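Here are the chains, one letter per residue:
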Amino acid sequence: LQCGQPEGNADGCMCTGEDQCKSGYCVPSAAFGGAGACMFPIIQVAEVEFWRGSQKITTSKVPDDNHDMVRVMNGADVSKVWGVWELEFYSDTNCIDLIPGGSPIAS
């Protein structure tokens with residue numbers, strides 16, 4: 001790794017601002033005692049399926065109030081493990097009204 005440069009540092013280098021990173025991202029890192037680390041975010045596409053009575057709803061428009069399960073799965077084949085750290089559902093498109101409750105049925 002080439003670290004300690006005023007700009008263009010590789011992923012994994014300590015940083016205090018995004019302008020120091022080749023990726024353009026400086027994220028907080030416990031490895032550096034709360035200081036940042038250059039790290040390009042990994043983004044994966046996921047699919048959300050809505051289910052009713054143990055049957056997948058196959059329409060593209062899901063009624064707002066008539067499903068009883070939701071399944072989240074990876075949207076593409078991956079060669080390694082992937083996971084979900086946090087998942088919240090809202091009753092509005094502005095993500096203000098959080099829907100409480102729910103129980104995971106698999107992990």
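The structure under discussion appears in the preceding block.
Residues numbered from 1 in each chain as written. Predicted model: local features only at pLDDT ≥ 70, side-chain atom pairs only at ≥ 80, totals over all residues. Heavy atoms only, no water.

Asks: Account for the overall build of the protein, naming residues and giving values.
Replies: When helices and strands are tallied, the protein shows zero helices and six strands. Taken from the N to the C terminus, the helices and strands of the protein come in the order β-β-β-β-β-β. Per-residue burial over the protein gives 13% buried out of 107 residues. In the protein, of all internal contacts separated by at least 6 residues, the share reaching a separation of at least 24 is 20%. Total accessible area on the protein is roughly 8800 Å²; 54% of this is exposed by carbon and sulfur atoms. (Helix = DSSP H or I, 4+ residues; strand = E, 2+ residues; numbered from the N terminus. Buried < 20%, exposed > 50% of the residue type's maximum accessible area, 1.4 Å probe, protein only. Contact = heavy atoms within 4.5 Å. Areas by Shrake-Rupley, 256 points an atom, 1.4 Å probe, with all protein chains shown as cover.)

Asks: I'd like a rundown of the side chain of Ser 29, residues and numbers included.
Replies: When you line up the elements, Ser 29 lands in the loop between strand 2 (26–28) and strand 3 (36–38). When residues no more than four places from it in sequence are discounted, the contact partners of Ser 29 are Gly 34, Ala 35, Gly 36 and Ala 37.

Asks: I'd like to hear about a nonpolar patch on the surface, residue by residue, with values.
Replies: Taken together, the side chains of Leu 87, Phe 89 and Ile 99 present a nonpolar region at the surface, about 250 Å² in accessible area. Taking the relative accessible area as the measure of exposure, Ile 99 reaches 43% and is therefore partly exposed. (Patch = residues over 30% accessible without salt bridge, like charges linked within 9 Å, V, L, I, M, F, W, Y side chains within 5 Å. Salt bridge = Lys/Arg side-chain N within 4 Å of Asp/Glu carboxyl O.)

Asks: Lay out the state of the cysteines with the relevant residues and their values.
Replies: In this structure the tally under the stated criterion is three disulfides. With a sulfur-sulfur separation of 2.0 Å, Cys 15 is cross-linked through a disulfide to Cys 26. Taking the sign of the S-S torsion, 105° for the link of Cys 15 and Cys 26, the bridge is right-handed. In this pair, Cys 15 is assigned in strand 1 (residues 14–15) and Cys 26 in strand 2, connecting sequence segments eleven residues apart. The class for Cys 15 is buried, based on a relative accessible area of 1%. On the accessibility criterion, Cys 26 (24% relative accessible area) is partly exposed. There is a disulfide in this structure between Cys 21 and Cys 38, and the S-S distance comes to 2.2 Å. (Disulfide = S-S within 2.5 Å.)

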